[in-house]
Protein chains: 2
Amino acid sequence: MFKFTYNIPTKVYFGGDQLSNLGPELKKFGKRVLLCYGGGSIKKIGLYDKIVTEIKKAGLELFELSGIEPNPRVTSVNRGAQICKDENIDVLLAVGGGSVIDCTKFVGAGKYYDGDAWDLVTRKAPITNCLPIVTVLTLAATGSEMDCGGVITNLETNDKIGMGASIMRPRVSFLDPANTYTVSPYQTACGSADIFSHLVETYFNPTGSMFMLDTFMEGMMKTVVKYAPVAVAHPKNEEARANLMWTSSWAINDFVSACQRCTWSCHPMEHQLSAYYDITHGLGLAILTPRWMRYVLDETTAERFRNFAVSVFGVDPTLPNMEAAKAGIEAVEKFLFEDLKLTKTLTELGIDKTHFTEMADKACHAKGGRVLKGYKHLTPKDVEAIYEMCL
Amino acid sequence: MFKFTYNIPTKVYFGGDQLSNLGPELKKFGKRVLLCYGGGSIKKIGLYDKIVTEIKKAGLELFELSGIEPNPRVTSVNRGAQICKDENIDVLLAVGGGSVIDCTKFVGAGKYYDGDAWDLVTRKAPITNCLPIVTVLTLAATGSEMDCGGVITNLETNDKIGMGASIMRPRVSFLDPANTYTVSPYQTACGSADIFSHLVETYFNPTGSMFMLDTFMEGMMKTVVKYAPVAVAHPKNEEARANLMWTSSWAINDFVSACQRCTWSCHPMEHQLSAYYDITHGLGLAILTPRWMRYVLDETTAERFRNFAVSVFGVDPTLPNMEAAKAGIEAVEKFLFEDLKLTKTLTELGIDKTHFTEMADKACHAKGGRVLKGYKHLTPKDVEAIYEMCL
């Protein structure tokens, strides 16, 4: 059981005034840099100019892929891969949040594939290589800055699929909490819900874990619960932003999940939600998570939920397991819907049950079988029931 | 405050049946391997034969440095560095506990220095380079398998000095808990006290930390308190050995100390104890730690000690700070001297106050000044008083 390979070589420059290291780090990988970013918010906060200055100072050649979408689309991946081929790019620089970094990973892999990059996302073709990736993070959420996965959307087929390969893990990431000071309270809340969900998905797993790693997951969940409301209320609170940012990286970089076969539940369900309705990933997770918890809570899972409730929310350890477990789930709801003020139901987002059957089928199928093999195995009927609890 | 560079690229093969990866990993660095080990216990447990088999299978050339001492001596370092020069060694393979790995690090650095390696330990000459190091760990204690420091003893001068350089951090480490099943209850207890001390030294620091990293330190201390007694009582308990081993690495690999200027107190004091009396490092730390805690506990430190007591030992959080702090220190004493059955006083080890003044001077001087700049600054008089509390 306690067997794994740990290999997370990403180098991280954390905190302010570290961008002078950007040029030298990029230069290690070559001269021709493709700067990948989204809708231009990095220009508004002055980050774009700083980065271009550093790239020029290092004597590197700059190319650009802009307009990467939230829930990034395979069309952007293909566009970027084509630039890499045409311009013989040496290294990719992703500046943005998880969507930009996820897209950049498949751009780097797409450089080595002759064909539609969607084949790499859907496992139709293997990921054989990837350009080196450097990131400058602007949103604490997905952990893409230090992990090896990404999620890509195909609007033509209504598909949103996660896929990973160790070769896609960023080599160097610049994590400056100050770059998240302008993130809106709503996006801060959604990002925090995403981090929290990564930890919940890993903490509740069928194979168990190592106690030491359990304490780390509990500590990170406590960190999110403590600091997400602070960052929502005080966007320029360095302590809150720093804690959220470093937690986002470690929640999902393969460290705490080391000795598990990690099988997630809420993410596959949420991917259908945002594939069909293009809602914010973290919001979908926030709505789903407590409902999923109530659905899988039973005599066999109560003890684990009790430990979660006691360690993360300080629920009274003398309560019976089931009672403590329920108090823990109530605390999750209070955290997400009161402290972070996130929308509580799909109904409020204008979503009804029209596509639930189809989405539930896809959520289960997406894991390569007819059952979603998470903490508790879920059939399409189960998933549909959980969607309905969200109305 | 929240500014640091994270760069811990050590690759770890954790758990059983991973030694087939040893040959291929060594081969990446060259053909000529120097196997470094201690007194032969690795032969008794059959590890030596397994490793030699893997080295031969990979077609590598094997050289040996054996007889590395507990509290490794600079004479062994010089002997090893000479072999590296004479035989043109490409890569070092350290098989053993912290002493073997510490010695191996300075052997690797000594290869690039013309002169007595003691100069590198004492900072008289800079560490400019180091041979690549691969380790197979047989004792959960010092964390040397994933950090960049080492402690070397010079018996001629009664000096024991710690020194580090990032180039000395092991590239690959094999951590199989089963390789610690034959570690005696006494050595298991001492190793666990060492891990616990690394966390205490980092947790109690004058610059504060990041909340997320505090929770990790608390979690690791809880892990040691939970599993060290299990491993002492049941040496082949995989869960206990695995938790202690992975905690030993993460307690001191620069991760949890990231945003601190880490200034330690008990280690410099202990180094004098084992330099003068050659006692086991972990035992010296166990004797010193609760005395140091009582000495530095005051109104300014009580809150931090309270958090420690509540988080690590489950002390009642409603107690006043000072009362909770004292209950925490009592819990540390119970853990070390009752649960782990470690010797409680220096007197029982036959040590009296003869050298205390001299040792206290050295402990303070070793930090480059006349004051030991730890969590609370300690003068030689303070250090002497703490030594006397240990009688």
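Residues numbered from 1 in each chain as written. Chains lettered and ligands numbered in written order. Predicted model: local features only at pLDDT ≥ 70, side-chain atom pairs only at ≥ 80, totals over all residues. Heavy atoms only, no water.

Peer 1: Looking at this model, I keep getting lost on the packing of aromatic side chains. Mind explaining?
Peer 2: How two aromatic rings sit relative to each other is set out by the distance from centre to centre and by the angle between their planes. Per the counting criterion, the structure on display carries 54 aromatic pairs over all chains. Summarising the aromatic geometry, the rings of Y203 of chain A and F308 of chain A are spaced 6.2 Å apart at their centres and angled 50° between planes, so their arrangement reads as tilted. Residue Y203 of chain A is found in helix 7 (residues 185–203), and its partner F308 of chain A is found in helix 12 (residues 302–313); the two are separated by 105 residues along the sequence. Just as Y203 of chain A is buried, F308 of chain A falls in that class too. The side chain of K226 of chain B reaches across the aromatic face of F211 of chain A, ending 4.8 Å from its centre. Sitting over the face of the ring of Y203 of chain B, R304 of chain B holds its NZ or CZ atom 3.8 Å from the ring centroid. (Phe/Tyr/Trp six-rings, centres within 6.5 Å; stacked < 30°, edge-to-face > 60°. Helix = DSSP H or I, 4+ residues; strand = E, 2+ residues; numbered from the N terminus. Buried < 20%, exposed > 50% of the residue type's maximum accessible area, 1.4 Å probe, protein only. Lys NZ or Arg CZ within 6 Å of the ring centre and 35° of its normal.)

Peer 1: Where do I start with the side chain of S249 of chain B in this structure?
Peer 2: Residues and elements named next belong to chain B. Inspection of the secondary structure assignment puts S249 in helix 9 (residues 238–250). S249 sits in the buried class, given a relative accessible area of 0%. In this view, S249 contacts G143, E145, M146 and L175; residues no more than four positions away in its chain are not counted. (Contact = heavy atoms within 4.5 Å.)

Peer 1: Looking at this structure, how should I read the pairing of strand 5 (residues 91–96) of chain B?
Peer 2: Put simply, side chains in a regular strand alternate between the two faces of the sheet. Residue and element names in this part refer to chain B. The element strand 5 is extensively covered by neighbouring structure, given that six of its six residues are classed as buried. In strand 5, alternate side chains face the same way, and those of V91, L93 and V95 on one face and L92, A94 and G96 on the other are all buried. Of the pairings in the sheet, the one linking strand 3 (residues 32–36) to strand 5 comprises four bridges and is parallel in character. Considered in strand 5, the bridge of L34 is made with L92. The sheet contact formed by strand 5 and strand 6 (residues 133–137) spans five bridges and is parallel. Directly across from V95, in strand 6, lies its bridge partner V136. (Pairing = 2+ DSSP bridges.)

Peer 1: Help me understand the sheet that holds strand 1 (residues 4–6) of chain A, please; the structure alone is not making it clear to me.
Peer 2: In a beta sheet, neighbouring strands are held together by backbone hydrogen bonds and run either parallel or antiparallel to one another. If you trace the seven strands from one edge of the open sheet to the other, you get 1(A)-2(B)-9(B)-6(B)-5(B)-3(B)-4(B), paired in mixed fashion. A strand with exactly one partner marks an edge of an open sheet, and here the two such strands are strand 1 of chain A together with strand 4 (61–65) of chain B. Strand after strand, the sheet turns through a mean of 15° between neighbouring axes, direction not considered. Here strand 3 of chain B pairs with strand 4 of chain B via five bridges, running parallel. Pairing of L35 of chain B across the sheet is with E64 of chain B, part of strand 4 of chain B. Of the strands in this sheet, strand 3, strand 4 and strand 5 of chain B are in contact with helix 4 (residues 74–87) of chain B, which crosses strand 4 of chain B at around 155°. (Axes fitted to C-alpha atoms, helices over the stretch in contact; angles between N-to-C directions.)

So yeah, pure geometry; function would need other evidence.
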